[in-house]
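Spelled out, the chains give:
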Amino acid sequence: MTRLSILGSTGSIGTQTLDVVDKLGLEVSALTAAGNIELLEQQVRKYKPALAVVFDEEKAKELKLNISDTETKVLCGMDGLIEAAQLPRADLVLNSVVGMVGLKPTIAAAKAKKNIALANKETLVAGGDLVTDAVRENGVKLLPVDSEHSAIFQCLQGIPDKKVLKKLILTASGGPFFGKKTGELKDVTVEQALNHPNWSMGAKITIDSATMMNKGLEIIEAGRLFDVTGDNIDVVVHRESVVHSLVEFTDNSVLAQLGVPDMRIPIQYAITYPMRYESPVEELNLAKFGSLSFFEPDYDTFECLRACKKAFSMGGAATAIANGANEEANLLFRQGKIKFLEIGELVMGAVDNIANFTPKCVEDILEADAAARRYVKEHI
Ligand code: MG
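The rules behind the values
- Residues numbered from 1 in each chain as written.
- Predicted model: local features only at pLDDT ≥ 70, side-chain atom pairs only at ≥ 80, totals over all residues.
- Heavy atoms only, no water.
- Helix = DSSP H or I, 4+ residues; strand = E, 2+ residues; numbered from the N terminus.
- Rg over C-alpha atoms; globule rule 2.2 N^0.38 Å.
- Buried < 20%, exposed > 50% of the residue type's maximum accessible area, 1.4 Å probe, protein only.
- Contact = heavy atoms within 4.5 Å.
- Areas by Shrake-Rupley, 256 points an atom, 1.4 Å probe, with all protein chains shown as cover.
- Lys, Arg positive; Asp, Glu negative; His and termini not counted.
- Charge placed at Lys NZ, Arg CZ, Asp CG, Glu CD.
- Pairing = 2+ DSSP bridges.
- Axes fitted to C-alpha atoms, helices over the stretch in contact; angles between N-to-C directions.
- Salt bridge = Lys/Arg side-chain N within 4 Å of Asp/Glu carboxyl O.
- Donors = N, O, S within 2.8 Å, 3.2 Å for Na, K, Ca; no water.
- Phe/Tyr/Trp six-rings, centres within 6.5 Å; stacked < 30°, edge-to-face > 60°.
- Right-handed = clockwise from strand over helix to strand, strands pointing away.

Engineer: Could you give me a rundown of the overall build of the protein chain, with the residues and numbers involved?
Structural biologist: From N to C terminus, the protein chain includes 17 helices and 11 strands. Radius of gyration (C-alpha) of the protein chain: 20 Å, near the 21 Å computed for a compact globule of 380 residues. Principal-axis analysis of the C-alpha atoms places the extent of the protein chain at approximately 55 × 50 × 40 Å. Looking at the protein chain as a whole, 56% of its 380 residues are labelled buried. In the protein chain, the proportion of contacts linking residues at least 24 apart, taken out of those at least 6 apart, comes to 68%. Just so you have it, the protein chain exposes about 16,300 Å², and 50% of that area is on carbon and sulfur atoms. Averaging the positions of the 41 positive and the 51 negative side-chain charges in the protein chain gives two centres separated by 2 Å.

Engineer: Account for the sheet that holds strand S11 (residues 254-258), naming residues and giving values.
Structural biologist: To summarise the sheet geometry, strands pair through backbone hydrogen bonds and adopt either a parallel or an antiparallel arrangement. Pairing is mixed across the open sheet formed by four strands, whose spatial order is S9-S8-S10-S11. A strand with exactly one partner marks an edge of an open sheet, and here the two such strands are strand S9 (233-237) and S11. Averaged over all neighbouring strand pairs, the angle between strand axes comes to 20°, with direction disregarded. Note: strand S10 (residues 243-249) against S11, five bridges, orientation antiparallel.

Engineer: Can you explain the pattern of salt bridges? Please cite residues and give values.
Structural biologist: In total, this model carries 30 salt bridges according to the counting rule given. Arg373 is the salt-bridge partner of Glu328, the closest N and O atoms lying 3.4 Å from each other. With a gap of 45 residues between them, Glu328 in helix H15 (residues 318-334) and Arg373 in helix H17 (residues 362-378) connect regions that are remote in the sequence. By relative accessible area, Glu328 is classed as buried at 9%. Ionic contacts of the salt-bridge type, sharing partners, join the residues Lys121, Asp146, Glu148, Lys215 and Glu218 into one network.

Engineer: I'd like a rundown of the coordination of the magnesium ion, residues and numbers included.
Structural biologist: With distances of 2.1 to 2.2 Å, the protein atoms coordinating the magnesium ion are Asp146 (OD), Glu148 (OE) and Glu218 (OE). Sequence spacing among the residues donating to the magnesium ion works out to D-x1-E-x69-E. Taken together, the residues Glu148 in helix H8 (residues 147-155) and Glu218 in helix H11 (residues 213-226) connect sequence positions 70 residues apart. Classification of Glu148 by relative accessible area gives buried; the value is 8%.

Engineer: For the sheet that holds strand S7 (residues 142-144), give the residues involved together with the corresponding values.
Structural biologist: Spatially, the seven strands line up as an open sheet ordered S4-S3-S2-S1-S5-S6-S7, and their pairing is parallel. Every interior strand has two partners, whereas the edge strands, strand S4 (73-76) and S7, have only one. Across the sheet, the mean angle separating the axes of adjacent strands is 20° when strand polarity is ignored. Two elements, strand S2 (residues 27-33) and strand S3 (residues 51-54), share four bridges in a ladder whose sense is parallel. Residue pairing across strands places Ala30 opposite Leu51, the latter belonging to S3.

Engineer: Residue-level account of the packing of aromatic side chains, with values.
Structural biologist: Using the criterion set out here, one finds six aromatic pairs in the structure. Ring geometry for Phe333 versus Phe340: centroids 5.6 Å apart, planes at 70°, classification edge-to-face. A single burial state applies to Phe333 and to Phe340, both of which are buried. Put simply, the rings of Phe153, Tyr269 and Tyr273 touch in pairs and so form one group of aromatic residues.

Engineer: Give me the pairing of S2: which residues, what numbers.
Structural biologist: Counting buried positions over the seven residues of S2 gives six, a clear majority of the element. Regarding the hand of the β-α-β motif, the stretch spanning strand S1 (residues 3-7), helix H1 (residues 12-24) and S2 is right-handed.

Spelled out as C-alpha cells, the structure:
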C-alpha cells in the first residue's frame, strides 16, 4: 500500500487527491496547508497523519492547540514542508503547493529517495535542471499530475526508444478570453478572469489560464519532464478539454489521451502508475460532445505565452524570472492593483530586462525569482 505525503492538501488538487486516497484506501503520512487550518484539522482527524504542517507560523500554533488531543505532530514554515517531504514513513510525495514555495520540498523529497507526484509546475519551471538532476541522481520517479503532462506520459508508455518521439502537442482550453483581441481585454475584471469554462481550480492557476501563462508554464514543464526543446512542443486550443494532449512520432502517427475534464484521473494515475484501477470519474461519452474543436493559439494577444516560449529558449535563469514575475503580477491583479494586460507586459519585461545567468544552486534560483518580483514591483 502506498503511503502518501500530500503537500498542499487543502487546495483543489489536494482535496481531489484525498478523494482518490479514500477510493483506493491509501495511508496518509503527512498533510500540509498554507493557512486553512479549519479544513486541515478535519483532514487530520480523518486521516491521522504522523505530521501536519501549516506554512503560516501563527496558524500552526493555533492548529497545534486545536488538535492537541491527537497523535499528529504540527510544524510550520519551509522547515516543516521539507520535513513533510522527507518523512521516513512516506514512499510517495504529492506536491500540489502553489508557486515557487514548492521548489525546496521537491528537491528534498528526491534527496530522501521519495517518488514525487508533481502538480506544482512552478518548481520545475523555475528549478529546471536542479530538479531533474536531483530526480535522476537519486533514482526516483517524477510523475506528472498536470492533466496535459499526464496525457503525454500515458501516450509514451511502451514506446521502444525516445528517438521515435517527434513532437509534443499540448492542448489548451483557451480560458475565458478565447477569441478576444488585446483591445477587448483592457478592462476585464478579476471576476471575469476567474470564470474558467471547463476546469475548477485554485485562483492563481485560473488567472494563469486566462492569461495563458498556464500554457506557457506547461510548455516549459513538458520540455523539462520529457527532455524536449521548445521547438518540438506545439500548443493547440481545444475548447472542450476532452483531449488532454497528444504525442507525434517520427512516422507522423499521433497518439492522444482523452477523458472528461476531471483531475482525479491524472492524480490517480500518478499514484498508482503503472497500474490502473477503477475511479470515481464519469465515463467519457463522445457522442454527447458531438464534435470537438481545435484552433491555433493566439500568440499576439496572449503575451505570457510568448514570454514563456522566449524564456524557455533562452534557458538559464530566464524561466525562473518569467515564473517569478508572473507570481507577483498574478497576485497584484487579483488584489486589483494592476490591469489584466499588464500581467503579460510585466512578465515579458522581466524576461527581456533582467540579466540572464546559469543558476548553480537553489539559492541562485531564489535570487532570480526575487529579482523578477522586484522588477514587477518597480514597474507598476
Ligand atoms: Mg494543466
